[in-house]
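This is what each chain is made of:
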Amino acid sequence: MRRAVFPGSFDPITNGHYDIIKRALPLFDEIIIAIGVNADKKYMFSLEERKVFIEKTFANEPKIKVETYQGLTTDFCHEKKAQFILRGLRNPADFEFEKAIAHTNRFLSKIETVFLLTAASTSFISSSIVRDVIRNHGDYIRLVPEPVRI
């Protein structure tokens, strides 16, 4: 079974994340959307809210599981018997950052990282931009999947 972990904070999940996940479905038998927990980070949405947003977004997709984890992503991958880490790339800065992490993960654990480029229509979207729009009472509806539209 080809199992991938798509890690992130998903605070909140965006249409960019959604696009990457939907396009990755034909590549894997299962994708675990793994919500990382970082005690030092302040989140806009609680862990439970973020999990519900994702579960509702992919409620009709049996190949997707949603889980939370702490610690190293590679340890979580080993625990779940995942052979791949899935990541989306929006721009060259993302590539440089993600490349270093992917090399480290492969060096330490032999887990391969699969990169998908974001669609041009979603490449500008990030969770931090969405949070800023929400905080300032802007129209964020077209930036997130329907379950996030609160």
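Residues numbered from 1 in each chain as written. Predicted model: local features only at pLDDT ≥ 70, side-chain atom pairs only at ≥ 80, totals over all residues. Heavy atoms only, no water.

Under the convention used in this document: UniProt positions are given in the numbering used here, feature names are shortened, and annotations may be inferred rather than shown by experiment.
The name given to the protein chain in an unreviewed UniProt entry is Phosphopantetheine adenylyltransferase, with the source organism recorded as Myroides odoratus. Regarding the protein chain, the UniProt comment filed under Function (unreviewed entry) reads as follows: "Reversibly transfers an adenylyl group from ATP to 4'-phosphopantetheine, yielding dephospho-CoA (dPCoA) and pyrophosphate." Word for word, the UniProt comment on the protein chain under Subcellular location (unreviewed entry) is "Cytoplasm".

1. Topic: the overall build of the protein chain
Operational definition: Helix numbers and strand numbers start at the N terminus; a helix is a DSSP run of H or I with at least 4 residues, a strand a run of E with at least 2. All radius of gyration figures rest on C-alpha atoms, and the globule criterion is 2.2 Å times the number of residues raised to 0.38. Surface accessibility in these figures is a Shrake-Rupley result with a 1.4 Å probe; residues are shielded only by whichever protein chains are displayed. When charges are counted, neither His nor the chain ends are considered; positive counts come from Lys and Arg and negative counts from Asp and Glu. For charged residues, the charge sits on one atom: NZ in Lys, CZ in Arg, CG in Asp, CD in Glu.
A count of helical and extended segments in the protein chain gives five helices and five strands. In sequence order, the secondary structure elements of the protein chain are arranged as β-α-β-α-β-α-β-α-β-α. Rg of the C-alpha trace for the protein chain: 15 Å, near the compact-globule value of 15 Å for 150 residues, within the 12% margin. In terms of overall dimensions, the protein chain has a C-alpha envelope of 45 × 35 × 35 Å along the principal axes. Entry remark: accessible area of the protein chain is about 8,400 Å², with carbon and sulfur atoms responsible for 55%. Positive and negative charge centroids in the protein chain, built from 22 and 19 side chains respectively, lie 2 Å apart.

2. Brief notes about the pairing of strand β3 (residues 64-69)
Rules: Here, strands pair whenever DSSP counts at least two bridges between them. Here, the term right-handed applies to a crossover whose path from the first strand over the helix to the second runs clockwise when the strands point away from the viewer.
Sheet topology note: the strand β2 (residues 30-36)/β3 ladder contains six bridges and is parallel. The partner of I35 across the bridge, within β3, is T68. Following the chain from β2 across helix α2 (residues 47-57) to the adjacent parallel β3, one finds a crossover that is right-handed.

3. Some words on the side chain of T118
Stated precisely, the cut-off is as follows: Any two residues whose heavy atoms approach within 4.5 Å at even a single point are treated as in contact.
Mapping T118 onto the fold places it in the loop between β5 (112-117) and α5 (127-135). Setting aside chain neighbours within four positions, we find T118 in contact with D19, I20, R23, L89, R90 and S123.

4. A word on the UniProt feature "binding site: substrate" (unreviewed entry) in the protein chain
To keep things clear, this is the line we draw: Under the rule applied, a polar contact is a pair of N or O atoms within 3.5 Å (in protein, one hydrogen donor and one hydrogen acceptor; residues adjacent in sequence only if both atoms are side-chain atoms).
In the numbering used here, UniProt assigns the feature "binding site: substrate" (unreviewed entry) to S9, K41, T73 and R87. The residues contacting S9, other than those within four sequence positions of it, are I35, G36, K41, Y43 and R50. With respect to the helices and strands, the residue K41 is situated in the loop between β2 and α2. A distance of 3.4 Å separates a polar atom in the side chain of K41 from a polar atom in the side chain of S9.

5. Here's the deal with the nonpolar core
Put simply, the rule is: Definition of nonpolar core: a set of buried residues of the types Ala, Val, Leu, Ile, Met, Phe, Trp, Tyr and Cys, connected through side-chain atoms within 4.5 Å. Burial classes: relative accessible area under 20% of the type maximum marks a residue as buried, over 50% as exposed, and values in between as partly exposed (1.4 Å probe, protein chains only).
In terms of nonpolar packing, the biggest core is built from 27 residues, with I13, I31, I33, I54 and L86 touching the most fellow members. I13 has contacts with I21, F53, I54, F58, V144, P145 and V148, leaving out every residue within four places of it along the chain. Core analysis: the second largest hydrophobic core is formed by nine residues, V5, I32, A34 and A82 among them.

6. Examining the sheet that holds β5
The following threshold applies: As a rule, the C-alpha atoms of each element are fitted with a line to give its axis, helices using only the stretch in contact, and angles between N-to-C directions run from 0 to 180 degrees.
The strand order across the open sheet built from five strands is β3-β2-β1-β4-β5, with neighbouring strands paired in parallel fashion. Either end of the sheet is taken by a strand with one partner, and the two such strands are β3 and β5. With direction set aside, neighbouring strand axes in the sheet form an average angle of 30°. Here strand β1 (residues 3-8) runs beside strand β4 (residues 84-89); their pairing, made up of two bridges, is parallel. Looking at β4, one finds that V5 is bridged to I85. Packed on one face of the sheet, helix α1 (residues 15-24) meets β1, β2, β3, β4 and β5 and runs near 115° to β5.

7. Digging into the UniProt feature "domain: Cytidyltransferase-like" (unreviewed entry) in the protein chain
UniProt records the feature "domain: Cytidyltransferase-like" (unreviewed entry) for residues 5-132 in the present numbering. As annotated, residues 5-132 comprises 41% helix and 23% strand, and the C-alpha atoms at either end are separated by 27 Å.

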